[in-house]
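Coordinate inspection notes
Each chain, written out:
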Amino acid sequence: MKIAIVGSGYVGLVSGACLAQLGHEVVCTDSDTSKIRTLEAGGLPIYEPGLDTLIAQARREGRLTFCSNPADAVAMGEAIFICVGTPPLPNGDADLSAIDHVARLIATEAKSPKLVIEKSTVPARTGQELKRALAVYGRKTGVVFRVASNPEFLREGTAVGDFLHPDRIVVGVEDETAEKQLRDIYRPLLERTFSCPIHAPACPEGPAATWLVTTISSAELIKHASNSFLALKISYANMVADLAERLGADIGEVTRAMGLDPRIGPSFLSAGLGFGGFCLPKDLQAFVHLAERSGVDFTMLKEAEKINRRRIERFVEKIRDALWVIREKRVGVLGLAFKPDTDDVRFAPAIDLVATLVREGARVRAYDPEAMEKARPLLPEVEYAQSAYEAARDAEALLIATEWGQFRQLDWDQVRETMARPLILDGRNLLSPKEMKARGFEYRSFGRPD
Ligand code: UGA
């Protein structure tokens, strides 16, 4: 199928590259022409493992192109995926102006029937507004538009694998033709007849994705409800961690046992500095607003948000408790990205943490394997190190703010030798308290006996 992707950000690029991998002819466009120029020159505006190889291969084989004129992309696509940003407005609502803009563009430029698919995360009922906008602005063209919602469940850092090996594909539709078209788009994935770059030459057998056909509003709600539930789970684990700390229990032991209950599940129970990134915090806020506007009192979501905001304070209290005075102290920070395997620092707890320490007068030297370039403009007062070891040198405390796997593998004896004081505050419970103590560190983390 000929597919246009409008919005070549994170979701658009991963979706475009993966749909090309499934055999479709894909064109990606964006209103930011510099982004398209970068992509055409073989660069990537984001860091996502595996995406560069996928894009290069699809381009070589002629299945993926980039185009700076959205109108041309709209003309080409039988199916158009809307993947534009829906950033938070100052009041926490999702800003839908980019969706509105694309709707008008599609309505006025389309000369043939289009399946218009919202992939951006949007509040329930947006699909109905999209339908109305297409009808209003396209009334003179006589073109038939079908609207569908197909939310993405891609995690940064594992997005390519998440797209190609999903546990569910949700399609919110209003007619059989739209469902059939979407099934055709995803058929190679459902029947596993595409070549998988991750598990080449063959995909491992595993449970196939569940194909879920819903109303458009349900599909929209599924996305917000899923992300908000994940946020609730993390905040719940964080509160249990605070309690464990007071009671002398170990949060790792508690959540491990909880997670073995299939009704609870093991993931998203890691206590620490809390959730960040461009999805969970903003989706939670938008969901709170949607509930309020709909007259539903969803206070527990607000609590989850409040608990999450307090994680930084809790960590700074731990730092203050250990250092006594923060001002003038040299502090090393490991990790700036909102989670490992990404260079994304948007709403990253690590960024808020460092900003707080800088405000309190600490001398911060930070290291992140991928995110330093993006952190630099946000934290200009910070010194950036070339390695984790350099960040630790002469530090009176070393903080772990992002759980990069490589930090677990450091030569901790070497780290200890170069520090002014062997004090580690682990904001992600990455290391073992017992082991760090045995190596001669003062070690503090969340919800585990010091
Ligand atoms: C999230 C969802 O997991 C995806 O399913 C969804 O598609 C995506 O948002 C989206 O809406 O596009 P992502 O933002 O990449 O994906 O990040 P997550 O892996 O969900 O992590 C979010 C934050 O929670 C990170 O800061 C992470 O460090 C934190 N976290 C995660 C915890 O603090 N504890 C945990 O147990 C798990």
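Only a predicted model underlies this, so the values are computations on that prediction, with no experimental measurement involved. Residue positions are given per chain, counting from 1 as you read along its sequence in written order. At least 70 in pLDDT is required for a residue's local features to be given in this predicted model, at least 80 for side-chain atom pairs to be given and counted, and no such filter applies to totals for whole chains, interfaces and linings, which use all residues. Working from all heavy atoms in the structure, the side-chain values ignore hydrogens and water.

**As for the domain arrangement of the protein chain**
Accessible area lost upon the coming together of the parts is a frequently used measure of interface size. In plain terms, the rule: What counts as a domain boundary in this text is fixed by an automatic or database domain assignment. Contacts are assigned to residue pairs that have any heavy atoms within 4.5 Å of one another. Once two parts are joined, some of their accessible surface, as seen by a 1.4 Å probe, is lost; buried area is that loss totalled over both. The salt bridge criterion pairs a side-chain nitrogen of Lys or Arg with a carboxyl oxygen of Asp or Glu, the two atoms within 4 Å.
For the protein chain, the assigned domains are domain 1 (2–214) and domain 2 (305–444). Using only C-alpha atoms to locate each centre, domain 1 and domain 2 end up separated by 37 Å. Domain 1 puts eight residues into the contact, and the matching count from domain 2 is 10 residues. Both sides together, the interface formed by domain 1 and domain 2 hides about 650 Å², and carbon and sulfur atoms give 47% of it. Ranking the residues of domain 1 by area buried against domain 2 places Tyr47, Glu156 and Gly157 at the top, with a combined share of 77%. Across the contact surface, domain 1 and domain 2 share one salt bridge.

**Some thoughts on helix H8 (residues 176–190)**
Just so we agree on the cut-off: Runs of E in the DSSP output that reach at least two residues are strands. Runs of H or I that reach at least four are helices, and both are numbered from the N terminus. To estimate how far a helix should extend, the number of its residues minus one is multiplied by 1.5 Å. Bend, in this description, refers to the angle at a residue between axes fitted to the seven residues ending there and the seven starting there. Accessibility here uses a 1.4 Å probe with only protein chains present; expressed as a share of the type maximum, an area under 20% marks a residue as buried, one over 50% as exposed, and anything in between as partly exposed. Whenever two N or O atoms come within 3.5 Å, that pair is a polar contact, provided that in protein one can donate a hydrogen and the other can accept it, and provided that, for residues adjacent in sequence, both atoms are side-chain atoms.
Between its terminal C-alpha atoms H8 stretches only 18 Å, short of the 21 Å expected from 15 residues at 1.5 Å a residue. In H8, a bend of some 40° at Asp184 exceeds every other bend along the element, and Pro188, a proline, comes one to four places later. Taken together, the buried positions of H8 are occupied by Ala178, Gln181, Leu182, Ile185, Tyr186, Pro188 and Leu189. The opening residue of H8 is Asp175, an N-cap whose side-chain oxygen sits 3.2 Å from the backbone nitrogen of Thr177. Directly after H8, the chain includes Arg192, whose backbone phi takes a positive value near 55°.

**Let's talk about the layout of surface pockets**
Selection criterion: Within this scheme a cavity is a closed region of a 1 Å grid, computed over the protein atoms alone, that accommodates a 1.4 Å probe without allowing it to escape, whereas a pocket is open but has protein on both sides within 12 Å along at least five of seven lines; lining residues each have an atom within 4 Å of a point. Grid points are joined across faces, edges and corners, and a volume is the space filled by probe spheres set on the points.
Roughly 510 Å³ of volume is contained in the second largest pocket. Lining the second largest pocket are 24 residues, and of these Pro281, Asn308, Arg309, Phe347 and Asp352 lie nearest its centre. Elements with a minimum of two residues in the lining of the second largest pocket: helix H11 (280–293), helix H12 (299–323) and helix H13 (349–359). The greatest single-element share of the lining of the second largest pocket, amounting to six residues, is contributed by H12.

**Concerning the pairing of strand S13 (residues 423–426)**
Defined as follows: By this definition, two strands are paired if DSSP reports at least two bridges between them.
The side-chain alternation of S13 yields two buried faces, one formed by Leu423 and Leu425 and the other by Ile424 and Asp426. Here strand S12 (residues 397–400) pairs with S13 via three bridges, running parallel. Residue pairing across strands places Leu398 opposite Ile424, the latter belonging to S13. Pairing analysis gives three bridges linking S13 to strand S14 (residues 442–444), with the strands arranged parallel. Across the sheet, residue Leu423 finds its bridge partner in S14, namely Glu442.

**Some details on the packing of helix H1 (residues 10–21) against helix H3 (residues 51–60)**
Condition: Axis definition: a line fitted to C-alpha atoms, limited for helices to the stretch in contact. Angles are taken between N-to-C directions and run from 0 to 180 degrees. To sort the angles, those under 35 degrees are grouped as roughly parallel, those over 145 as roughly antiparallel, those from 65 to 115 as roughly perpendicular, and the leftovers as oblique. Handedness of a crossing is defined here by the sense of rotation of the near helix relative to the far one, left-handed for an anticlockwise turn of less than a right angle and right-handed for a clockwise turn. Each residue gets one label: Ala, Val, Leu, Ile, Met, Phe, Trp, Tyr, Cys and Pro are nonpolar, Asp, Glu, Lys and Arg are charged, and the others, such as Gly, are polar.
Where H1 contacts H3, the axes come no closer than 9 Å and their chain directions differ by 50°. Regarding the angle of H1 to H3, the classification is oblique. Viewed along their axes, H1 and H3 form a crossing whose handedness is left-handed. Residues Leu13, Val14, Ala17, Cys18, Ala20 and Gln21 of H1 lie in contact with H3, whose contacting residues are Leu51, Leu54, Ile55, Gln57 and Ala58. Among the residues making up the contact of H1 with H3, the classes are represented as nine nonpolar, two polar and no charged.

**So, the packing of aromatic side chains**
Inclusion rule: Two rings from Phe, Tyr or Trp (for Trp, the six-membered ring) form a pair when their centres are within 6.5 Å of each other. A pair whose planes differ by under 30 degrees is stacked, one over 60 is edge-to-face, and the rest are tilted. Our definition puts a charge over a ring when NZ of Lys or CZ of Arg is within 6 Å of the ring centre and also within 35 degrees of the ring normal.
One pass over the structure, following the stated rule, counts seven aromatic pairs. Ring pairs connect the aromatic residues Phe163, Tyr186 and Trp211, which therefore count as one cluster. Just above the ring of Tyr137 sits the side chain of Arg104; from NZ or CZ to the centre is 5.8 Å. The aromatic ring of Phe153 is capped on one face by Arg168, whose charged end is 3.7 Å from the ring centroid.

**Some words on unusual backbone geometry**
With a phi close to 75°, Glu328 is a non-glycine residue in the positive phi region. Tracing the chain through its elements places Glu328 in the loop between H12 and strand S9 (330–334). With a phi angle near 65°, Asp394 is a residue other than glycine that sits in the positive phi range. By relative accessible area, Asp394 is classed as partly exposed at 44%.

**A few points about the site of the ligand**
Definition in use: When we say a residue is near a molecule or strand, we mean one of its heavy atoms is within 4 Å of it. The protein chains shown are the only cover counted for residues, whose accessible areas, like all others here, come from Shrake-Rupley with a 1.4 Å probe.
Taken together, 22 residues form the shell around the ligand, and within it Glu152, Glu156, Lys223, Asn227 and Ser270 come nearest. Take Phe338: an N or O atom from its main chain is 2.8 Å from an oxygen atom of the ligand. Measuring from an oxygen atom of the ligand, one finds a side-chain N or O atom of Arg428 at 3.4 Å. If the ligand stood free it would expose 720 Å²; the protein chains cover 92% of that surface. For the shell around the ligand, the element with the highest residue contribution is helix H9 (residues 216–247), accounting for four residues.

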